[in-house]
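# Chains, contacts and geometry: an overview
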Amino acid sequence: MKKTILFVLMGFMLSPLAQGQHSEQNHAERFEQLGPMLRSPNVYRTASGAPGHMYWQQKADHEIEVELDDENQSITGTQKVTYFNNSPDQLNYLWIQLDQNERAKDSDTHKIAPSKIDSRMSLRQLETILWHDLDLGYKINSVRDLQGNDIPVTINKTMMRLDLPEPLKAGETFEFRVDWSFNIHDRMSFIGGRPGYEYFEKDGNYLYTMAEWFPRMAVYSDFEGWQNKQFYGRGEFALTFGDYKVSITVPADHMVGSTGVLQNPEEVLSPTELDRWNQAQQAFDKPVVIRTQAEAERLEKGRAKDKKTWIFHAENVRDFAWTSSRKFIWDAMAVELGGKNVMAMSYYGKEGNPLWEQYSTRVVAHTLKSYSEKTFDYPYPVAISVEGSNGMEYPMICFNYGRPDEDGTYSEAVKYGMISVIIHEVGHNFFPMIVNSDERQWSWMDEGLNTFMQFMAEQEWDRDYPSRRGPAHKIVPYMRSEKHLLEPIMTNSENIIQFGPNAYAKPATALNILRETVMGRELFDYAFKEYSQRWKFKHPTPEDFFRTMEDASAVDLDWFWRGWFFGTEPVDMAISEVNHYKMDSKDPKEIKARQKEAFEREEDYISKAHNRNDIAQTVVESDPETRDFYNSFDRFRVTPEDEKEYKEFMARLSEKERELLNSGMNFYEITFENIGGLVMPLIIEFNYRDGTSEIERIPAEIWRLNESEVTKVFPKKKEVQSIVLDPYRETADIDEANNYWPRQQLPSRFELFKQNSGARGASTGDNPMKRARRR
Ligand SMILES: [Zn+2]
């Protein structure tokens with residue numbers, strides 16, 4: 001009971017701010033478990049987020065012979081596929097992806113693309129609307145068994161069903177051959193797309209980036225059955241792991257870079273190049289140039305009539321891509337990772353220099369180290385960056401952009417754009433090439449995780465690296481978008497309106513916040529690594545990620561996934577009220593002094609009022625008896641009774657209570673309001689009158705009983721001058737003006753935006769936005 005006496009406090013409100021709006025439903029479900037929103041765990045995927053004891057996945061091995069026709073920009077291939085049915089299920093048919101058909105005449109991609117006429121239309125925009133009758137898409141010449149018997153197939157746009165002659169039982173293998181060809185398209189034209197060719201008018205050469213080039217097995221899984229959702233162009237790929245032997249026949253003066261390890265360097269490289277290639281494998285400090293710019297420029301001028309066949313092997317890859325051109329300069333260096341040497345390499349035309357010779361291979365090496373440290377040692381033997389005027393990833397090889405101006409000069413933006421895209425695309429080796437998620441369904445599982453990793457690798461590359469995505473405050477403009485322009489991160493790729501912010505920036509930011517502000521680096525890094533290791537060379541789902549992050553950290557994150565991944569609400573937290581209290585010491589000397597001060601303040605006020613209107617004063621002065629009475633009696637005097645009472649009171653207190661009473665402690669009762677909806681930890685900065693400051697961090701669970709408003713008392717020895725919520729801008733709060741006590745007028749921010757006058761990294765193309773697109 002003493003406590004209640006003690007805490008009868010003399011409070012005075014320092015900041016009588018208006019009460020915030022109270023939502024009708026203070027206690028919603030933001031802290032409930034995701035429960036039925038997640039797939040049930042089973043024998044294939046455990047409730048802890050790990051592969052289950054009966055986990056299985058399919059496998060598809062490929063032997064492909066392919067020939068590039070540089071005269072007609074077309075390609076012809078024949079491939080043998082060995083499909084391993086590791087599932088417990090019997091299969092009556094197989095689904096095969098025909099991505100090239102996205103550009104075929106009957107493609108739905110063009111049909112479902114909305115279009116409209118603006119007052120200003122670029123030729124490219126018009127071309128996109130006109131969509132010429134192009135001879136693109138696969139020509140499937142035959143699908144046969146190894147005895148040469150035709151196998152019936154049904155082609156549905158970008159998917160081909162192969163009807164098995166007899167059901168493929170669990171554990172059985174089926175082999176078949178597909179012969180095909182297609183015209184390669186100009187990816188720099190209005191058609192766009194990831195693979196294709198770029199034509200260089202000045203020297204009349206082509207640079208081919210060959211991806212989505214062979215019919216690829218669809219994924220059959222425990223969680224999806226066949227993933228045969230049509231390819232519309234955005235939702236990327238779901239692919240089956242397997243081993244590849246690929247023979248690529250190209251003009252003899254071409255240089256080929258590819259997924260896998262070159263099997264016949266002595267047949268395709270000159271003796272000098274072979275020599276340099278061997279040197280490069282021992283070069284750990286800097287890249288060795290294997291084909292020089294001078295050599296490449298000489299080759300650019302010729303046109304070899306004969307051909308060479310490059311043979312590559314790759315093990316345990318989900319895809320296979322390659323590039324070919326006589327324009328290529330090639331450099332390489334070795335990187336040691338986990339006791340093994342990996343070759344970091346780059347292929348680029350002279351248009352990429354001097355940037356590419358300086359940075360590309362070094363950035364590849366840096367990326368492998370940075371990502372390996374946080375996940376697992378990069379397991380493949382090579383990692384390649386190709387200058388291809390776009391950004392797209394494949395196992396061991398990726399295509400990137402970033403070209404200086406013709407005079408060799410470049411802006412910081414071009415340089416950092418190039419470094420960023422190389423980190424990003426090389427980084428995709430980890431997500432989704434090795435941690436093989438389903439990109440057709442979830443873009444964030446690869447783009448989001450990878451953009452998060454990219455941010456860390458960028459920050460390690462350079463102090464104050466100008467990262468575009470990652471820091472919390474950079475997602476604020478997106479989070480402020482109108483509701484109808486937002487959808488949860490957990491949305492299928494094709495249905496996302498603002499793709500970059502939703503699939504890349506928001507998940508990357510969320511993970512950054514999770515690491516820095518919610519979990520802390522130690523717990524986060526361990527759990528993230530655990531996820532990577534559990535699912536490398538496997539097919540994870542979102543549940544596996546969400547569950548592993550909790551399972552390995554003992555941090556309940558359902559509220560976080562719910563808010564950041566399943567919801568669209570922004571963070572807007574506010575300080576709506578601050579009350580400053582001091583404890584009543586019960587010491588009559590103090591009490592009386594304070595009362596006197598208050599009285600005099602009032603007297604002063606009254607006398608001032610009297611001076612304005614001196615009637616009352618006259619009354620007081622005309623009554624000397626009353627005046628004498630007041631003069632002789634000091635009601636603010638401490639009487640012996642007061643002192644006695646105080647002494648008795650103090651005697652009743654324990655030592656500890658007396659100490660507390662005499663401490664002069666300040667109590668700040670702060671009311672926080674959750675205006676945005678997305679719950680987050682409270683990060684509170686107290687700035688004291690003596691010039692020092694202090695940060696307190698309160699977990700998000702403070703909101704669990706009332707999701708719209710919470711009040712908490714902060715005892716402080718020192719007196720507080722000002723309070724700032726989220727002082728380091730960690731939570732992506734969309735309105736920071738209400739984060740201050742006392743309120744501060746914040747300048748509204750706008751970003752100075754300079755329109756890029758040319759295309760990204762110079763050269764061709766008239767739409768910098770499109771060209772800058774990164775996948
Ligand atoms: Zn990407």
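Calculation rules
- Residues numbered from 1 in each chain as written.
- Predicted model: local features only at pLDDT ≥ 70, side-chain atom pairs only at ≥ 80, totals over all residues.
- Heavy atoms only, no water.
- Pairing = 2+ DSSP bridges.
- Helix = DSSP H or I, 4+ residues; strand = E, 2+ residues; numbered from the N terminus.
- Axes fitted to C-alpha atoms, helices over the stretch in contact; angles between N-to-C directions.
- Contact = heavy atoms within 4.5 Å.
- Buried < 20%, exposed > 50% of the residue type's maximum accessible area, 1.4 Å probe, protein only.
- Patch = residues over 30% accessible without salt bridge, like charges linked within 9 Å, V, L, I, M, F, W, Y side chains within 5 Å.
- Areas by Shrake-Rupley, 256 points an atom, 1.4 Å probe, with all protein chains shown as cover.
- Salt bridge = Lys/Arg side-chain N within 4 Å of Asp/Glu carboxyl O.
- pLDDT = per-residue confidence, 0-100.

### Some points on the sheet that holds strand β20 (residues 329-337)
One open sheet accounts for six strands, arranged β17-β20-β21-β22-β24-β23; its pairing is mixed. For this open sheet the edge positions go to β17 (288-291) and β23 (392-394), each flanked by a neighbour on one side alone. Adjacent strand axes in the sheet meet at a mean angle of 20°, parallel and antiparallel pairs treated alike. Here five bridges tie strand β21 (residues 340-348) to strand β22 (residues 382-387), and the two strands are oriented parallel to one another. What sits directly across from A344, in β22, is A383. Contacts from helix α7 (residues 355-374) reach β20, β21, β22 and β24 (397-400), with the element oriented near 145° to β21. Across the sheet, helix α8 (residues 412-427) is in contact with β22, β23 and β24; its angle to β24 comes to roughly 155°.

### Brief notes about the environment of D525
Looking at the secondary structure, you find D525 in helix α13 (residues 521-535). Classification of D525 as partly exposed rests on a relative accessible area of 30%. Between the alpha carbons of D525 and R515 there is a distance of 7.5 Å; along the sequence they are ten residues apart.

### Regarding a nonpolar patch on the surface
A cluster of nonpolar side chains, contributed by I117, L126, I129 and L130, occupies part of the molecular surface with about 380 Å² of accessible area. Considering the arrangement of structural elements, one finds I129 in helix α3 (residues 123-130).

### So, the confidence of the model for the protein
Looking at the protein, pLDDT values average 90 and 89% of them are 70 or higher. Low confidence marks residues 615-620, where pLDDT is under 50. Its contacts with residues over four positions away, or in another chain, come to three contacts. The low-confidence segment residues 754-773, where pLDDT is below 50, has 39 contacts with residues more than four positions distant or belonging to other chains.

### Overview of the sheet that holds strand β7 (residues 159-168)
Strand-to-strand pairing in sheets goes through backbone hydrogen bonds, with the strands running parallel or antiparallel. The strand order across the open sheet built from four strands is β6-β7-β4-β11, with neighbouring strands paired in antiparallel fashion. Looking along the sheet, the strands with just one partner apiece sit at the ends: β6 (153-156) and β11 (216-217). Two strands pair when backbone bridges link them, and β6 and β7 are joined in this way by four bridges, in the antiparallel orientation. Looking across to β7, one finds that I155 is bridged to M160.

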